[in-house]
Amino acid sequence: MKRNKPYKIIYIQGYGHSGTTILDILLGSSEDAFSCGELTFINREGIADEFCSCNNRIGKCSFWSPVMKSWSEKSNIPLTDYKKLRNQFEGNRSYLRVLKNQLFPSQMFRTYIESTELLYDTIYENCGTSFIIDSSKQATRPFVLTKFAEVQVLHICRNFRGVLNSEKKNVVVDLKDGIETSSPPKRTLKVLLDWLISNLTCACTALVFNGRRIH
């Protein structure tokens, strides 16, 4: 059941290389908004050694370090279990599973919602802004977020030619520049299929939650 929160969530979804990160940064430049990046990957392996926008490693960041510590201590499940639940309820392959849980919520789905709510509450306690911006991209995530907060969904849809041009580049890991994983050039057909599926699921989610589409 949705609670009355002192914050609202701006959720940015869409296929990668579509400008979601840039929009996140622009919206986060407001004094009343806090940019969180892709929160769905908040507890991925090695994140403590990645760099925050403050130029410190996240494990030593004056904001994220206490947030992660507090969230871990208060969470009703270990963060390793949270990661497993994330893999079950996030991503295009989980879309039908999440829809099913909207009608018949399982205990695991409820647990995932509760722990995610605690994460956002902890972020708010440390930033105090009216808007928390999450650019996790996944079309499934709003089904979780809207269970506990008011959410504005923004669907960023970049044309396929621009996306393909980005996906054809050989990207290597560079933690200083915020590149956490390598991305070798992808085949055109794979990019096309992923782009179509991603934007289709995002369009459905935007329709369900009265979101806005941005080209």
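Everything here concerns the structure above.
Along each chain, numbering runs from 1 in the same order as the chain's sequence is written. Per-residue local features of the predicted model are confined to residues with pLDDT of at least 70, and side-chain atom pairs are confined, for both listing and counting, to 80 or more; whole-chain, interface and lining totals are unaffected and use all residues. Side-chain numbers here rest on the full set of heavy atoms in the structure, without hydrogens or water.

Asker: Go over the overall build of the protein chain with me, naming the residues and quoting the values.
Answerer: On a plain count of helices and strands, the protein chain comes out with eight helices and five strands. Numbered from the N terminus, helices here are DSSP runs of H or I no shorter than four residues, and strands are runs of E no shorter than two. Listing each helix as α and each strand as β along the protein chain from the N terminus yields β-α-β-α-α-α-α-β-α-β-α-α-β. To get the radius of gyration, use the C-alpha atoms; to get the globule rule, take the number of residues to the power 0.38 and multiply by 2.2 Å. Taking 2.2 N^0.38 as the reference for a compact globule, 215 residues should give roughly 17 Å; the C-alpha atoms of the protein chain span a radius of gyration of 17 Å, in line with that estimate. Along the longest, intermediate and shortest principal axes, the C-alpha atoms of the protein chain span 45 × 40 × 35 Å. Only protein chains enter the accessibility calculation, which uses a 1.4 Å probe; a residue whose area is less than 20% of its type maximum is buried, one above 50% is exposed, and one in between is partly exposed. Within the protein chain, buried positions represent 45% of all 215 residues. Across the protein chain, the fraction of contacts at a sequence separation of at least 24, relative to all contacts at a separation of at least 6, is 76%. For the protein chain, the computed accessible surface area is about 11,800 Å², with 55% contributed by carbon and sulfur atoms. In the protein chain, which carries 29 positive and 21 negative side-chain charges, the distance between the mean positions of the two groups comes to 7 Å. Residues are treated as being in contact if the distance between any of their heavy atoms lies within 4.5 Å. Each accessible area is a Shrake-Rupley estimate made with a 1.4 Å probe; only the visible protein chains count as cover when residues are assessed. Here Asp and Glu are counted as negative and Lys and Arg as positive; His is not counted, and neither are the chain ends. To locate a charge, take atom NZ for lysine, CZ for arginine, CG for aspartate or CD for glutamate.

Asker: Lay out the environment of Ser198 in plain terms, naming residues and giving numbers.
Answerer: Assignment of secondary structure puts Ser198 in helix α8 (residues 188-208). Judged by relative accessible area, which is 7%, Ser198 ranks as buried. The spacing of Ser198 and Gln138 is 60 residues in sequence and 8.1 Å in space, taken between C-alpha atoms. Residues contacting Ser198, with those up to four places away along its chain left out, are Gly14, Tyr15 and Asn92.

Asker: So what's going on with the packing of aromatic side chains? Residues and values would help.
Answerer: Each Phe, Tyr or Trp ring, with Trp reduced to its six-membered ring, pairs with another whose centre is within 6.5 Å; inter-plane angles below 30 degrees give stacked pairs, above 60 give edge-to-face pairs, and intermediate values give tilted ones. All told, the structure shown has 12 aromatic pairs when counted by the stated rule. Look at Tyr95 and Phe143: their rings are 5.8 Å apart centre to centre, the planes differ by 90°, and that puts the pair in the edge-to-face class. With Tyr95 in helix α4 (residues 95-103) and Phe143 in helix α6 (residues 142-145), the pair connects residues that are 48 residues apart, well separated along the chain. Grouping aromatic residues by their ring pairs yields a cluster made of Trp71, Tyr82, Phe89, Phe109 and Tyr112.

Asker: Tell me about the pattern of salt bridges, and name the residues and values.
Answerer: The term salt bridge refers to a side-chain nitrogen of Lys or Arg lying within 4 Å of a carboxyl oxygen of Asp or Glu. The tally for this structure, following the rule as stated, stands at 11 salt bridges. The salt bridge partner of Glu150 is Lys8, with a shortest N-O separation of 3.7 Å. Within this pair, whereas Glu150 is found in the loop between α6 and β4 (151-156), its partner Lys8 is found in strand β1 (residues 8-14), the two being separated by 142 residues in sequence. Here Asp194 ties to Lys190 by a salt bridge, and the two come within 3.0 Å at their closest N and O atoms. Placement of the pair is Asp194 and Lys190 together in helix α8, with a separation of four residues, close to one helical turn.

Asker: Could you give me a rundown of the state of the cysteines, with the residues and numbers involved?
Answerer: Any cysteine sulfur atom paired with another within 2.5 Å is treated as part of a disulfide. Using the criterion set out here, one finds zero disulfides in the structure. Left without a disulfide partner, Cys127 is nearest to the cysteine sulfur of Cys36, which lies 6.6 Å away.

Asker: Lay out a nonpolar patch on the surface in plain terms, naming residues and giving numbers.
Answerer: Together, Leu189, Leu193 and Ile197 make up a nonpolar patch on the protein surface, roughly 280 Å² of accessible area in all. Mapped onto the secondary structure, Ile197 falls in helix α8. Residues with no salt bridge and a relative accessible area higher than 30% make up the patches, which join like charges within 9 Å and nonpolar side chains (Val, Leu, Ile, Met, Phe, Trp, Tyr) within 5 Å.

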